[in-house]
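Fold and contact review
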Amino acid sequence: TGGRVDVAVVGAGPAGSATARRLAGTGCRVVLVERSAFDGPRVGESLAPSVNQLLRDLGVWPRFAALDPVPSYGTCGVWGS
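Attention here is on the structure that accompanies the text. Note that the coordinates shown come from a computational prediction; the quantities given were computed from them, not determined experimentally.

Some points on the overall build of the chain
The helix and strand inventory of the chain stands at three helices and two strands. Mapped from its N terminus to its C terminus, the chain presents α and β elements in the order β-α-β-α-α. In summary, the chain has a C-alpha radius of gyration of 15 Å against a globular reference of 12 Å for 81 residues, an excess of more than 25%. Along the first, second and third principal axes, the C-alpha set of the chain runs to 50 × 30 × 20 Å. Each of the 81 residues in the chain was classed as buried or not, and the buried ones make up 11%. Pairs at least 24 residues apart make up 33% of the contacts formed inside the chain by residues separated by at least 6 positions. Within the structure as shown, the chain displays about 6,600 Å² of accessible surface, and the carbon and sulfur contribution to it stands at 56%. In the chain, which carries 8 positive and 6 negative side-chain charges, the distance between the mean positions of the two groups comes to 7 Å.

What counts, and where the lines are drawn
Residues numbered from 1 in each chain as written. Predicted model: local features only at pLDDT ≥ 70, side-chain atom pairs only at ≥ 80, totals over all residues. Heavy atoms only, no water. Helix = DSSP H or I, 4+ residues; strand = E, 2+ residues; numbered from the N terminus. Rg over C-alpha atoms; globule rule 2.2 N^0.38 Å. Buried < 20%, exposed > 50% of the residue type's maximum accessible area, 1.4 Å probe, protein only. Contact = heavy atoms within 4.5 Å. Areas by Shrake-Rupley, 256 points an atom, 1.4 Å probe, with all protein chains shown as cover. Lys, Arg positive; Asp, Glu negative; His and termini not counted. Charge placed at Lys NZ, Arg CZ, Asp CG, Glu CD.

Honestly, that's just the spatial picture; any functional story needs more than this.
Written out as structure tokens, the structure is:
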């Protein structure tokens with residue numbers, strides 16, 4: 001391909017990774033750009049239970065489940081004082 005790509009996805013969080021995988025699955029040449037090395041905790045990054053079906057559709061559910069993720073039964077945010 002000479003380094004040519006069809007799509008560049010910036011950000012390898014849940015949305016960027018899912019987008020890149022879906023596009024690659026359709027035959028697009030995709031580059032996924034992420035500034036971090038994922039070498040530290042990513043505080044606040046979570047997935048709602050409704051994403052389970054998307055992970056299955058993307059074919060990554062078994063690998064995700066093997067990580068033994070901690071379930072989240074709710075989210076609460078507090079801003080300011």
